[in-house]
Amino acid sequence: MEYRHLGRSGLKVSALSFGSWVTFGDQIDEDRARACMKAAYDAGVNFFDNAEAYASGQAEVMMGNIIRSEEWTRSDLVVSTKIFWGGSGPNDRGLSRKHIVEGTKASLQRMQMDYVDLIFCHRPDPETPIEETVRAMNHVIDRGWAFYWGTSEWTAEQIRQAYEIARREHLIPPVMEQPQYNMTHRQKVEHDYQPLYRDFDLGLTTWSPLASGILTGKYNDGIPEGSRLDLDKYAGLRKRLESAEGQRQLEAVRQLTPIAENELDCTMAQLALAWCLKNEHVSTVITGASRPEQVHENMEALEVAKRLSPEHMARIEDILDNAPAASTNWRNA
(Lines give C-alpha, C1' and ligand atoms only; values in the text may rest on other atoms or scores of the structure.)
Protein backbone atom coordinates (compact mmCIF):
# COMPACT_ATOMS: atom_id res chain seq x y z
CA MET A 1 0.00 0.00 0.00
CA GLU A 2 1.11 3.54 -0.73
CA TYR A 3 0.49 6.23 1.90
CA ARG A 4 0.10 9.91 1.07
CA HIS A 5 -0.02 13.06 3.16
CA LEU A 6 -3.48 14.53 3.60
CA GLY A 7 -2.83 17.93 2.09
CA ARG A 8 -0.48 20.07 4.16
CA SER A 9 -1.05 18.02 7.31
CA GLY A 10 1.34 15.48 8.80
CA LEU A 11 -1.33 12.77 8.57
CA LYS A 12 -0.82 9.93 6.10
CA VAL A 13 -3.72 8.05 4.52
CA SER A 14 -3.70 5.00 2.28
CA ALA A 15 -3.85 5.96 -1.39
CA LEU A 16 -6.86 3.66 -1.71
CA SER A 17 -9.40 3.82 1.10
CA PHE A 18 -12.71 2.16 1.90
CA GLY A 19 -16.10 3.85 2.22
CA SER A 20 -19.49 2.70 3.47
CA TRP A 21 -21.73 4.82 1.22
CA VAL A 22 -24.50 2.92 -0.63
CA THR A 23 -23.46 -0.53 0.64
CA PHE A 24 -23.48 -0.57 4.47
CA GLY A 25 -26.99 -1.00 5.79
CA ASP A 26 -28.52 -0.76 2.33
CA GLN A 27 -26.97 -3.50 0.17
CA ILE A 28 -25.00 -5.66 2.62
CA ASP A 29 -25.35 -6.84 6.21
CA GLU A 30 -22.76 -6.56 8.96
CA ASP A 31 -21.12 -9.93 8.25
CA ARG A 32 -20.50 -9.02 4.60
CA ALA A 33 -19.35 -5.54 5.60
CA ARG A 34 -16.90 -7.09 8.07
CA ALA A 35 -15.44 -9.32 5.36
CA CYS A 36 -14.99 -6.32 3.04
CA MET A 37 -13.42 -4.13 5.72
CA LYS A 38 -11.09 -6.94 6.78
CA ALA A 39 -9.99 -7.47 3.17
CA ALA A 40 -9.25 -3.75 2.89
CA TYR A 41 -7.41 -3.64 6.23
CA ASP A 42 -5.32 -6.68 5.31
CA ALA A 43 -4.35 -4.91 2.07
CA GLY A 44 -3.00 -1.95 4.03
CA VAL A 45 -6.01 0.38 3.92
CA ASN A 46 -5.98 2.63 6.97
CA PHE A 47 -8.69 5.18 6.02
CA PHE A 48 -12.34 4.18 6.47
CA ASP A 49 -14.96 6.76 5.45
CA ASN A 50 -18.47 7.21 6.83
CA ALA A 51 -21.22 9.80 7.37
CA GLU A 52 -24.17 10.38 9.67
CA ALA A 53 -26.44 10.27 6.61
CA TYR A 54 -25.37 6.83 5.36
CA ALA A 55 -28.25 4.40 5.98
CA SER A 56 -29.59 6.94 8.49
CA GLY A 57 -26.71 6.30 10.87
CA GLN A 58 -26.67 2.49 10.56
CA ALA A 59 -23.47 2.58 8.48
CA GLU A 60 -21.71 4.20 11.43
CA VAL A 61 -23.14 1.60 13.81
CA MET A 62 -21.94 -1.25 11.58
CA MET A 63 -18.46 0.19 11.10
CA GLY A 64 -18.07 0.83 14.81
CA ASN A 65 -19.16 -2.72 15.64
CA ILE A 66 -16.70 -4.17 13.13
CA ILE A 67 -13.72 -2.14 14.32
CA ARG A 68 -14.45 -3.03 17.93
CA SER A 69 -14.96 -6.75 17.25
CA GLU A 70 -11.82 -7.02 15.13
CA GLU A 71 -9.83 -5.37 17.92
CA TRP A 72 -7.77 -3.30 15.49
CA THR A 73 -5.44 -0.81 17.13
CA ARG A 74 -7.29 2.51 16.98
CA SER A 75 -4.12 4.52 16.33
CA ASP A 76 -3.52 2.47 13.17
CA LEU A 77 -6.81 3.69 11.67
CA VAL A 78 -7.98 6.93 10.12
CA VAL A 79 -11.76 7.06 10.52
CA SER A 80 -14.02 9.81 9.22
CA THR A 81 -17.59 10.92 9.43
CA LYS A 82 -19.52 13.71 7.74
CA ILE A 83 -22.10 16.04 9.24
CA PHE A 84 -25.10 17.59 7.51
CA TRP A 85 -28.11 15.25 7.26
CA GLY A 86 -28.79 13.97 10.76
CA GLY A 87 -32.56 13.68 10.85
CA SER A 88 -35.87 15.30 9.93
CA GLY A 89 -36.10 17.97 12.62
CA PRO A 90 -35.48 21.66 11.79
CA ASN A 91 -32.11 21.59 13.59
CA ASP A 92 -31.12 18.04 12.62
CA ARG A 93 -29.52 19.06 9.35
CA GLY A 94 -27.18 21.72 8.09
CA LEU A 95 -24.03 23.21 9.56
CA SER A 96 -25.26 25.25 12.51
CA ARG A 97 -23.15 25.11 15.66
CA LYS A 98 -25.98 23.19 17.31
CA HIS A 99 -26.13 20.45 14.70
CA ILE A 100 -22.36 20.16 14.26
CA VAL A 101 -21.87 19.64 18.00
CA GLU A 102 -24.87 17.38 18.51
CA GLY A 103 -24.32 15.51 15.25
CA THR A 104 -20.68 14.85 16.06
CA LYS A 105 -21.50 13.52 19.53
CA ALA A 106 -24.23 11.29 18.08
CA SER A 107 -21.87 9.91 15.42
CA LEU A 108 -19.23 9.11 18.02
CA GLN A 109 -21.83 7.31 20.11
CA ARG A 110 -22.98 5.23 17.14
CA MET A 111 -19.39 4.36 16.23
CA GLN A 112 -18.44 3.63 19.87
CA MET A 113 -15.44 5.94 19.57
CA ASP A 114 -13.99 8.81 21.58
CA TYR A 115 -12.95 10.60 18.40
CA VAL A 116 -12.83 10.43 14.62
CA ASP A 117 -9.67 11.43 12.80
CA LEU A 118 -11.45 13.41 10.08
CA ILE A 119 -14.77 15.23 10.13
CA PHE A 120 -16.32 16.78 7.04
CA CYS A 121 -19.03 19.36 6.39
CA HIS A 122 -20.96 17.08 4.05
CA ARG A 123 -22.31 19.90 1.88
CA PRO A 124 -22.30 23.73 2.05
CA ASP A 125 -25.14 25.23 4.07
CA PRO A 126 -26.52 28.47 2.57
CA GLU A 127 -28.60 29.07 5.72
CA THR A 128 -25.65 29.15 8.14
CA PRO A 129 -22.87 31.76 8.06
CA ILE A 130 -19.57 30.14 7.20
CA GLU A 131 -17.99 31.80 10.25
CA GLU A 132 -20.43 29.94 12.52
CA THR A 133 -19.46 26.66 10.87
CA VAL A 134 -15.73 27.38 11.14
CA ARG A 135 -16.06 28.22 14.84
CA ALA A 136 -18.11 25.06 15.48
CA MET A 137 -15.56 22.86 13.72
CA ASN A 138 -12.77 24.51 15.69
CA HIS A 139 -14.73 23.67 18.87
CA VAL A 140 -15.05 20.02 17.79
CA ILE A 141 -11.30 19.76 17.32
CA ASP A 142 -10.52 21.60 20.55
CA ARG A 143 -12.73 19.11 22.38
CA GLY A 144 -10.72 16.23 20.90
CA TRP A 145 -13.72 14.80 19.04
CA ALA A 146 -11.81 15.03 15.73
CA PHE A 147 -8.25 15.83 14.65
CA TYR A 148 -8.84 17.49 11.25
CA TRP A 149 -11.84 19.03 9.55
CA GLY A 150 -12.73 19.58 5.95
CA THR A 151 -15.52 20.02 3.44
CA SER A 152 -17.33 17.97 0.83
CA GLU A 153 -18.59 19.35 -2.47
CA TRP A 154 -17.96 22.97 -1.47
CA THR A 155 -17.06 25.50 -4.12
CA ALA A 156 -13.53 26.86 -4.28
CA GLU A 157 -14.81 30.25 -3.09
CA GLN A 158 -16.57 28.74 -0.06
CA ILE A 159 -13.43 26.81 0.94
CA ARG A 160 -11.29 29.92 0.55
CA GLN A 161 -13.72 31.93 2.66
CA ALA A 162 -13.63 29.30 5.43
CA TYR A 163 -9.84 29.20 5.34
CA GLU A 164 -9.48 32.97 5.48
CA ILE A 165 -12.00 33.29 8.34
CA ALA A 166 -10.06 30.68 10.29
CA ARG A 167 -6.76 32.46 9.74
CA ARG A 168 -8.23 35.86 10.62
CA GLU A 169 -9.77 34.59 13.84
CA HIS A 170 -6.81 32.34 14.78
CA LEU A 171 -8.91 29.21 14.34
CA ILE A 172 -8.12 25.87 12.70
CA PRO A 173 -8.73 25.96 8.93
CA PRO A 174 -10.07 23.13 6.77
CA VAL A 175 -7.40 20.68 5.63
CA MET A 176 -9.23 18.57 3.08
CA GLU A 177 -12.13 18.45 0.64
CA GLN A 178 -14.09 15.37 -0.47
CA PRO A 179 -15.25 15.93 -4.06
CA GLN A 180 -16.56 13.54 -6.65
CA TYR A 181 -13.73 12.79 -9.07
CA ASN A 182 -13.52 10.35 -11.95
CA MET A 183 -12.99 10.19 -15.70
CA THR A 184 -16.42 11.73 -16.30
CA HIS A 185 -16.40 14.36 -13.51
CA ARG A 186 -13.33 16.60 -13.55
CA GLN A 187 -14.15 20.32 -13.36
CA LYS A 188 -13.71 21.00 -9.64
CA VAL A 189 -10.63 18.87 -9.05
CA GLU A 190 -8.72 19.76 -12.20
CA HIS A 191 -9.73 23.40 -12.62
CA ASP A 192 -11.73 25.09 -9.86
CA TYR A 193 -9.51 23.98 -6.97
CA GLN A 194 -6.17 24.76 -8.63
CA PRO A 195 -5.64 28.01 -6.66
CA LEU A 196 -6.38 26.13 -3.42
CA TYR A 197 -3.62 23.61 -4.06
CA ARG A 198 -1.22 26.48 -4.64
CA ASP A 199 -2.28 28.64 -1.70
CA PHE A 200 -3.32 26.09 0.95
CA ASP A 201 -2.05 22.70 -0.28
CA LEU A 202 -5.60 21.39 -0.02
CA GLY A 203 -5.85 17.59 0.29
CA LEU A 204 -8.49 15.54 -1.52
CA THR A 205 -10.33 12.39 -0.41
CA THR A 206 -12.19 11.72 -3.65
CA TRP A 207 -15.37 9.68 -4.04
CA SER A 208 -17.21 7.83 -6.83
CA PRO A 209 -14.08 6.88 -8.84
CA LEU A 210 -16.18 4.47 -10.92
CA ALA A 211 -19.00 6.96 -11.61
CA SER A 212 -21.65 4.74 -9.99
CA GLY A 213 -20.44 1.76 -12.00
CA ILE A 214 -20.42 3.40 -15.43
CA LEU A 215 -16.62 3.16 -15.61
CA THR A 216 -16.57 -0.56 -14.83
CA GLY A 217 -17.91 -1.35 -18.29
CA LYS A 218 -20.90 -3.25 -16.87
CA TYR A 219 -23.31 -0.94 -18.71
CA ASN A 220 -21.57 -1.05 -22.09
CA ASP A 221 -24.29 -3.29 -23.53
CA GLY A 222 -27.25 -2.02 -21.53
CA ILE A 223 -28.42 -2.11 -17.91
CA PRO A 224 -28.13 -5.64 -16.48
CA GLU A 225 -31.08 -6.90 -14.45
CA GLY A 226 -30.43 -6.51 -10.72
CA SER A 227 -27.61 -3.98 -11.17
CA ARG A 228 -27.58 -0.70 -9.26
CA LEU A 229 -29.07 1.30 -12.13
CA ASP A 230 -31.83 -1.29 -12.47
CA LEU A 231 -33.16 -0.31 -9.04
CA ASP A 232 -35.95 2.26 -8.68
CA LYS A 233 -34.01 4.29 -6.09
CA TYR A 234 -31.34 5.00 -8.74
CA ALA A 235 -33.75 6.12 -11.44
CA GLY A 236 -31.97 9.49 -11.58
CA LEU A 237 -28.64 7.84 -12.38
CA ARG A 238 -30.32 5.64 -14.97
CA LYS A 239 -31.84 8.69 -16.65
CA ARG A 240 -28.43 10.38 -16.70
CA LEU A 241 -26.87 7.31 -18.29
CA GLU A 242 -29.54 7.27 -20.97
CA SER A 243 -28.97 10.94 -21.84
CA ALA A 244 -26.82 12.06 -24.75
CA GLU A 245 -23.93 12.87 -22.39
CA GLY A 246 -24.32 9.49 -20.69
CA GLN A 247 -24.17 7.72 -24.02
CA ARG A 248 -21.05 9.67 -24.94
CA GLN A 249 -19.45 8.53 -21.70
CA LEU A 250 -20.39 4.92 -22.42
CA GLU A 251 -18.77 5.14 -25.83
CA ALA A 252 -15.58 6.42 -24.21
CA VAL A 253 -15.62 3.44 -21.82
CA ARG A 254 -16.02 1.08 -24.76
CA GLN A 255 -12.93 2.59 -26.37
CA LEU A 256 -10.95 2.51 -23.13
CA THR A 257 -11.72 -1.13 -22.37
CA PRO A 258 -9.21 -2.58 -24.90
CA ILE A 259 -6.45 -0.42 -23.38
CA ALA A 260 -7.25 -1.89 -19.98
CA GLU A 261 -7.67 -5.49 -21.01
CA ASN A 262 -5.14 -5.85 -23.85
CA GLU A 263 -2.37 -3.43 -22.94
CA LEU A 264 -2.45 -3.13 -19.15
CA ASP A 265 -3.86 -6.58 -18.33
CA CYS A 266 -6.43 -5.14 -15.95
CA THR A 267 -10.15 -4.55 -15.67
CA MET A 268 -11.80 -1.32 -16.72
CA ALA A 269 -12.58 -0.62 -13.05
CA GLN A 270 -8.90 -0.95 -12.14
CA LEU A 271 -7.95 1.43 -14.95
CA ALA A 272 -10.49 4.00 -13.71
CA LEU A 273 -9.10 3.80 -10.18
CA ALA A 274 -5.50 3.98 -11.39
CA TRP A 275 -6.32 7.07 -13.47
CA CYS A 276 -7.58 8.85 -10.33
CA LEU A 277 -4.44 7.83 -8.42
CA LYS A 278 -2.24 9.53 -11.02
CA ASN A 279 -3.51 12.97 -9.95
CA GLU A 280 -0.89 14.42 -7.60
CA HIS A 281 -3.48 16.39 -5.64
CA VAL A 282 -5.48 13.29 -4.68
CA SER A 283 -4.55 12.11 -1.18
CA THR A 284 -6.80 9.06 -1.30
CA VAL A 285 -9.38 7.49 -3.60
CA ILE A 286 -12.38 6.15 -1.67
CA THR A 287 -13.50 2.76 -2.95
CA GLY A 288 -16.58 0.77 -2.11
CA ALA A 289 -17.44 -2.90 -2.38
CA SER A 290 -20.19 -5.36 -1.55
CA ARG A 291 -17.94 -8.43 -1.73
CA PRO A 292 -14.35 -9.08 -0.55
CA GLU A 293 -13.44 -10.12 -4.08
CA GLN A 294 -14.22 -6.59 -5.25
CA VAL A 295 -11.92 -5.19 -2.57
CA HIS A 296 -9.06 -7.40 -3.79
CA GLU A 297 -9.67 -6.29 -7.37
CA ASN A 298 -9.74 -2.62 -6.37
CA MET A 299 -6.45 -2.86 -4.47
CA GLU A 300 -4.67 -4.11 -7.58
CA ALA A 301 -5.23 -0.69 -9.14
CA LEU A 302 -2.13 0.48 -7.28
CA GLU A 303 0.03 -1.71 -9.49
CA VAL A 304 -1.90 -0.64 -12.59
CA ALA A 305 -1.15 3.00 -11.78
CA LYS A 306 2.57 2.21 -11.86
CA ARG A 307 2.19 0.81 -15.39
CA LEU A 308 0.21 3.80 -16.66
CA SER A 309 2.75 5.61 -18.83
CA PRO A 310 2.53 9.20 -20.09
CA GLU A 311 1.67 7.70 -23.49
CA HIS A 312 -1.23 5.77 -21.97
CA MET A 313 -2.45 8.88 -20.19
CA ALA A 314 -2.30 10.89 -23.42
CA ARG A 315 -4.32 8.30 -25.31
CA ILE A 316 -6.88 8.12 -22.51
CA GLU A 317 -7.16 11.91 -22.62
CA ASP A 318 -7.80 11.81 -26.36
CA ILE A 319 -10.60 9.28 -25.88
CA LEU A 320 -12.21 11.10 -22.94
CA ASP A 321 -11.99 14.49 -24.65
CA ASN A 322 -13.45 16.19 -21.58
CA ALA A 323 -10.57 17.97 -19.83
CA PRO A 324 -11.70 21.23 -18.20
CA ALA A 325 -10.74 24.26 -20.21
CA ALA A 326 -7.73 26.14 -18.86
CA SER A 327 -8.25 29.70 -17.64
CA THR A 328 -7.71 32.20 -20.43
CA ASN A 329 -4.54 34.28 -20.35
CA TRP A 330 -5.83 37.39 -22.05
CA ARG A 331 -2.28 38.64 -22.63
CA ASN A 332 -1.95 35.85 -25.18
CA ALA A 333 -5.40 36.30 -26.69
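Residues numbered from 1 in each chain as written. Predicted model: local features only at pLDDT ≥ 70, side-chain atom pairs only at ≥ 80, totals over all residues. Heavy atoms only, no water.

Draft legend 1. Region of the structure containing the packing of aromatic side chains. Inspection of every chain in the model, using the stated rule, returns nine aromatic pairs. Between Y41 and W72, the aromatic rings sit 4.2 Å apart at their centres with planes inclined by 10 degrees, giving stacked as the arrangement. Of this pair, Y41 sits in helix α1 (residues 30–42) while W72 sits in the loop between α2 (58–70) and β5 (78–83); the two residues are 31 residues apart in sequence, bridging distant segments of the chain. For Y41, a relative accessible area of 26% gives the class partly exposed. Put simply, the rings of F18, F24, Y41, F48 and W72 pair up and form one aromatic cluster. The aromatic ring of F120 is capped on one face by K82, whose charged end is 5.9 Å from the ring centroid. (Phe/Tyr/Trp six-rings, centres within 6.5 Å; stacked < 30°, edge-to-face > 60°. Helix = DSSP H or I, 4+ residues; strand = E, 2+ residues; numbered from the N terminus. Buried < 20%, exposed > 50% of the residue type's maximum accessible area, 1.4 Å probe, protein only. Lys NZ or Arg CZ within 6 Å of the ring centre and 35° of its normal.)

Draft legend 2. The arrangement of the side chain of H122 in detail. Inspection of the secondary structure puts H122 in the loop between β6 (116–121) and α4 (130–142). Residue class for H122 comes out buried when judged on its relative accessible area of 6%. Excluding residues that lie within four positions of it along the chain, H122 makes contacts with A51, Y54, K82, I83, F84, W85 and S152. (Contact = heavy atoms within 4.5 Å.)

Draft legend 3. Expanded view of the sheet that holds strand β9 (residues 203–206). Reading around the circumference, β3-β4-β5-β6-β7-β8-β9-β10 is the order of the eight strands in this closed barrel, with parallel pairing throughout. One ladder, built from two bridges, connects strand β3 (residues 16–19) with strand β4 (residues 47–49); its direction is parallel. Its bridge partner lying in β4, F18 is registered against F48. Seen against the sheet, helix α3 (residues 97–111) touches β5 and β6 and runs at an angle of roughly 135 degrees to β5. (Pairing = 2+ DSSP bridges. Axes fitted to C-alpha atoms, helices over the stretch in contact; angles between N-to-C directions.)

Draft legend 4. Broad picture of α2. Taking 1.5 Å of rise per residue, the 13 residues of α2 would be expected to cover 18 Å, and the 18 Å separating its terminal C-alpha atoms lies within 8% of that figure. Within α2 the residues assigned to the buried category are A59, E60, M62, M63, G64, I66 and I67. Buried residues belonging to α2 abut α1, β4, β5 and α3. Two residues or fewer past α2, E71 is found with a positive phi of approximately 60 degrees. (Expected span 1.5 Å × (residues − 1).)

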